[in-house]
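The lines below spell out each chain.
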Amino acid sequence: MKRYVISALCLGLLSATAAKADTATGSQAFGMSAVQGAVGKYGQAIGSNVRSMNPLGNFGGNVGYKNSGTGNIGAFNSGTGNVGAFNGNSNTSPTSGNSNIGAFNGNSNTGQYNGNSNIGAGNGNFNGGNFNGNGNVGGFNGNSNGRGNR
């Protein structure tokens, strides 16, 4: 993997997971807009660089096993710009399940703009309607929202 791609991924993960300490409660507060922006930016940058790294880049730019979509790294990914494994699968819209980092993110969403830009594992899955399960950090967040349209 090229050095600037690894650097971009590391910088994206560090900036996306940077937290401010809440001195009153001792908890951590994450800025979701910053997380979504960082994941989307670096996920797409990684995806666009995959074509130059992959000897089969002219066939879709995926690295790994059984990937579809564009710019996925890992295995069993669909969508655009996913890093990890089992991301962005079985979505009814191409606007869902994109730019995830980790594993088991952005899967089986119906509607549009669901399960995007998650970091960690088990985020943004099984959402219905529109604009659900996006921008989560950690594990098992933003799942099974808005199921009335499913």
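Since the model is a prediction, treat every value here as computed from it, not as a measurement. (Residues numbered from 1 in each chain as written. Predicted model: local features only at pLDDT ≥ 70, side-chain atom pairs only at ≥ 80, totals over all residues. Heavy atoms only, no water.)

**Structural notes on the overall build of the chain**
A count of helices and strands for the chain gives two helices and eight strands. For the chain, buried positions account for 43% of its 150 residues. Here the contacts in the chain between residues at least 6 apart in sequence split such that 15% fall between residues at least 24 apart. Summing over all exposed atoms, the chain offers an accessible surface of approximately 7,400 Å²; the carbon and sulfur share of this is 59%. (Helix = DSSP H or I, 4+ residues; strand = E, 2+ residues; numbered from the N terminus. Buried < 20%, exposed > 50% of the residue type's maximum accessible area, 1.4 Å probe, protein only. Contact = heavy atoms within 4.5 Å. Areas by Shrake-Rupley, 256 points an atom, 1.4 Å probe, with all protein chains shown as cover.)

**Looking at the side chain of Asn-67**
Its place among the elements puts Asn-67 in the loop between β3 (63–65) and β4 (73–75). Within polar-contact distance, the side chain of Asn-67 engages the backbone oxygen of Gly-74 at 3.3 Å. Here Asn-77 takes part through its backbone nitrogen, which lies 2.8 Å from a polar atom of the side chain of Asn-67. In contact with Asn-67, other than residues within four places in its own chain, are Asn-62, Asn-72, Gly-74, Ala-75, Phe-76 and Asn-77. (Polar contact = N/O pair within 3.5 Å; in protein donor to acceptor, adjacent residues only side chain to side chain.)

**Digging into the environment of Gly-79**
You can see Gly-79 is positioned in the loop between β4 and β5 (83–85). Relative accessible area serves as the criterion here: at 17%, Gly-79 is assigned to the buried category. Sequence separation between Gly-79 and Ser-68 is 11 residues; the distance between their C-alpha atoms is 6.9 Å. For Gly-79, the contacting residues outside a window of four places in its chain are Ser-68, Gly-69, Thr-70, Asn-72, Gly-88, Gly-97 and Asn-98.

**Overview of the sheet that holds strand β7 (residues 119–121)**
Read across the sheet, six strands follow the order β3-β4-β5-β6-β7-β8 without closing on themselves; strand pairing throughout is parallel. Of all strands in the sheet, those with a lone pairing partner are β3 and β8 (137–139), marking the two edges. Direction aside, the axes of adjacent strands within the sheet are offset by 5° on average. Bridge count between strand β6 (residues 101–103) and β7: three bridges; the pairing is parallel. Note that in β7 the partner of Ala-103 across the bridge is Ala-121. (Pairing = 2+ DSSP bridges. Axes fitted to C-alpha atoms, helices over the stretch in contact; angles between N-to-C directions.)

**Quick word on the environment of Thr-70**
By the secondary structure assignment, Thr-70 is in the loop between β3 and β4. Thr-70 sits in the partly exposed class, given a relative accessible area of 32%. Remark: the alpha-carbon pair of Thr-70 and Asn-82, spanning 12 residues in sequence, is separated by 8.7 Å.

**Here we look at the confidence of the model for the chain**
Mean pLDDT over the chain works out to 74, with 57% of the residues at or above the 70 mark. Across residues 14–28, confidence stays below pLDDT 50; counting only partners more than four residues off in sequence or on other chains, it has 17 contacts. When the criterion is pLDDT under 50, residues 53–59 qualifies, and its contacts beyond four places in sequence or with other chains add up to seven contacts. (pLDDT = per-residue confidence, 0-100.)

**What about a nonpolar patch on the surface?**
The grouping of Tyr-65, Phe-76, Phe-86 and Phe-104 at the surface amounts to a nonpolar patch, some 390 Å² of accessible area in total. One can find Phe-104 in the loop between β6 and β7. (Patch = residues over 30% accessible without salt bridge, like charges linked within 9 Å, V, L, I, M, F, W, Y side chains within 5 Å. Salt bridge = Lys/Arg side-chain N within 4 Å of Asp/Glu carboxyl O.)

**A closer look at the environment of Asn-127**
For Asn-127, the location among the structural elements is in the loop between β7 and β8. Measuring from C-alpha to C-alpha, the distance between Asn-127 and Gly-106 comes to 8.8 Å, with 21 residues separating the pair along the chain. With near-sequence residues (within four places) excluded, Asn-127 lies in contact with Ser-108, Asn-109, Thr-110, Asn-114, Asn-132, Gly-133, Gly-142, Asn-143, Ser-144 and Asn-145.

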